Amino acid sequence: YSYSCTEGENRQLWSSGHHLKSCRDVAFSQDGQKLFTVAKDKSIHILTVEEGRLETRIPKAHGSALNCVLPIDNHIFATGDDGGALKVWDLRKGDAILEARQQEEYISAMAVDGNGKILLTASGDGTLGVFNVKRRCFELLSEPQNGDLTSVVLLKRGKKVVCGSSEGTIYLFNWDGFGAASDRFALKAESVDCMVPITDSIVCVGSLDGVIRAVNILPNRVLGCVGQHLGEPIEQLAVAPGGRLLASCAHDQKVKFWDVSALAGLVVDDYRKKKKKGGPLRALSSKAAGSGEDFFADLRDEAEPEAVAAAGSDSDGSD
């Protein structure tokens, strides 16, 4: 799709029906020229972004249905499946250069450091897996956390790893201490299903309750509600190049865009004002109540803490 801030100018550019079963994940290559797709049919497809032409197809890439894909550089990418298996592929060789099955449940999400060396995998068994892409080997597994780990991102210039869980808890790991979580932060959310970094300290998280929350990490604080798909579980979040727009998709079959540019200017200090327990979640967007009528959401001024009753209450403390 091509999207625009002008009403009526969003349009579909092409569609692909090459997968035989449901498409589970898509990712753009680092140069933006290719689109990687993985599906329940166990195949990997690589298409050209401009025309949607199928360039590469790897059938029966895994023994189980594929769940996620992550391009690491222009030649290397990683895939994870429902059985906990990870594969790292090199397009120059046309085959996998690393295969491992260290986790017991599905691989839900992956992240890689800035050097393309250390690959992290979040799993439904509650563990964080650490793999060395350069040495093509498994390094270690964290102790299991409560609930499925659903997402993993790097913050604080790569010094902190942040994972979301199906229990609504955010777990923090130090870069040199993957064995055990260094901190945990419970949101009053049904789950943390997906997560994207907005700044070096702020992430946006999508939940089963349909609310997109902005969360500051260290100090751990829920900043408020960026937007919602009312009552519909949020499946995925993505940040547009430049960091101004956040895209979200949910079970309502809609893609919504939110202006998150003002988050970059928020300063969160260690001092936390006392807040009434059970109070409504602060709206960071004029459309955070989820009217869905306007294409973009304009973030309100820091001085306008407008409440969104539909979002419920959130914890803003650290355990």
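Residues numbered from 1 in each chain as written. Predicted model: local features only at pLDDT ≥ 70, side-chain atom pairs only at ≥ 80, totals over all residues. Heavy atoms only, no water.

Where an unreviewed UniProt entry is consulted, the chain appears under the name WDR55 protein, with the organism given as Sagittarius serpentarius. Here is the UniProt Sequence similarities (unreviewed entry) comment for the chain, exactly as written: "Belongs to the WD repeat WDR55 family." (UniProt positions renumbered as here; feature names shortened; annotations may be inferred.)

> Help me get a handle on the overall build of the chain, residues and values and all.
Each helix and strand in the chain was counted, giving zero helices and 25 strands. The burial tally for the chain puts 51% of its 319 residues in the buried class. Pairs at least 24 residues apart make up 43% of the contacts formed inside the chain by residues separated by at least 6 positions. By element, 47% of the accessible surface of the chain is carried by carbon and sulfur atoms, the whole surface being about 15300 Å². (Helix = DSSP H or I, 4+ residues; strand = E, 2+ residues; numbered from the N terminus. Buried < 20%, exposed > 50% of the residue type's maximum accessible area, 1.4 Å probe, protein only. Contact = heavy atoms within 4.5 Å. Areas by Shrake-Rupley, 256 points an atom, 1.4 Å probe, with all protein chains shown as cover.)

> Now, about the UniProt feature "repeat: WD" (unreviewed entry) in the chain: what can you tell me, with residues and values included?
Taken from the UniProt record, the annotation "repeat: WD" (unreviewed entry) applies to residues 234–261. Here residues 234–261 is 0% helix and 61% strand, with 21 Å between the C-alpha atoms at its ends.

> Tell me what's going on with the sheet that holds strand β7 (residues 86–90), and back it up with residues and numbers.
The sheet built from four strands is open, its strands ordered β5-β6-β7-β8 with antiparallel pairing. Each edge of the open sheet carries a strand with a single partner, namely β5 (66–71) and β8 (95–100). Going from strand to strand, the sheet's axes swing by 20° on average, the running direction of each strand aside. Bridge count between β5 and strand β6 (residues 76–81): five bridges; the pairing is antiparallel. Within β6, the residue paired with Leu70 across the bridge is Ala78. (Pairing = 2+ DSSP bridges. Axes fitted to C-alpha atoms, helices over the stretch in contact; angles between N-to-C directions.)

> Which residues make up the sheet that holds strand β21 (residues 234–239), and what values do they have?
Pairing between the strands of a sheet is mediated by backbone hydrogen bonds and can be parallel or antiparallel. Taken together, the three strands give an open sheet; going across it, the order is β21-β22-β23, and neighbouring strands pair in antiparallel fashion. Two strands close off the open sheet at either side, each with one partner strand: β21 and β23 (255–259). Neighbour-to-neighbour, the strand axes of this sheet turn through a mean angle of 25°, independent of strand direction. Across five bridges, the pairing between strand β22 (residues 245–250) and β23 is antiparallel. Considered in β23, the bridge of Cys249 is made with Val255.

> Could you give an account of the nonpolar core, with specific residues and numbers?
Membership of the largest hydrophobic core comes to 19 residues, with the highest contact counts inside it found for Ile198, Cys204, Ile212, Val226, Leu237, Leu246 and Leu263. Put simply, the parts of the chain that give this core at least two residues each are β17 (194–197), β18 (202–206), β19 (211–216), β20 (221–228), β21 and β22. Core analysis: the next-biggest nonpolar cluster, separate from the first, contains 18 residues, Val153, Val215, Val222 and Cys225 among them. (Core = buried A, V, L, I, M, F, W, Y, C linked by side-chain atoms within 4.5 Å.)

> Lay out a positive patch on the surface with the relevant residues and their values.
A cluster of basic side chains, namely Lys21, Lys40, Lys42 and Lys60, defines a positive patch on the protein surface. With respect to the helices, strands and loops of the structure, Lys21 is situated in the segment before β1 (23–28). Exposure remark for Lys21: the relative accessible area of 52% places this residue in the exposed category. (Patch = residues over 30% accessible without salt bridge, like charges linked within 9 Å, V, L, I, M, F, W, Y side chains within 5 Å. Salt bridge = Lys/Arg side-chain N within 4 Å of Asp/Glu carboxyl O. Lys, Arg positive; Asp, Glu negative; His and termini not counted. Charge placed at Lys NZ, Arg CZ, Asp CG, Glu CD.)

> Describe the pattern of salt bridges, listing the residues and the values that go with them.
Counting across every chain of the model gives eight salt bridges. One salt bridge in this structure joins Lys87 and Glu99, with 3.8 Å as the shortest N-O distance. Of this pair, Lys87 sits in strand β7 while Glu99 sits in strand β8, and the two are twelve residues apart along the sequence. Relative accessible area serves as the criterion here: at 56%, Glu99 is assigned to the exposed category. Residues Arg92 and Asp90 are paired through a salt bridge, measuring 3.1 Å at the closest nitrogen-oxygen approach. Among the residues examined, Asp90 registers a relative accessible area of 5% and is labelled buried.

> I'd love a proper account of the packing of aromatic side chains, names of residues and values included.
In total, this model carries five aromatic pairs according to the counting rule given. Between Tyr3 and Phe257 the ring centres are 4.4 Å apart and the planes differ by 35°, which places this aromatic pair in the tilted class. Residue Tyr3 is found in the segment before β1, and its partner Phe257 is found in strand β23; the two are separated by 254 residues along the sequence. For Tyr3, a relative accessible area of 39% puts it in the partly exposed group. Judged by centre distance (6.2 Å) and plane angle (10°), the ring pair of Phe77 and Trp89 falls under stacked. A residue pair is termed long-range when its members are at least 10 positions apart, and Phe77 in strand β6 and Trp89 in strand β7 qualify at twelve residues. As far as burial versus exposure is concerned, Phe77 and Trp89 are alike and both buried. Among the aromatic side chains, those forming a connected cluster through ring pairs are Phe36, Phe77 and Trp89. (Phe/Tyr/Trp six-rings, centres within 6.5 Å; stacked < 30°, edge-to-face > 60°.)

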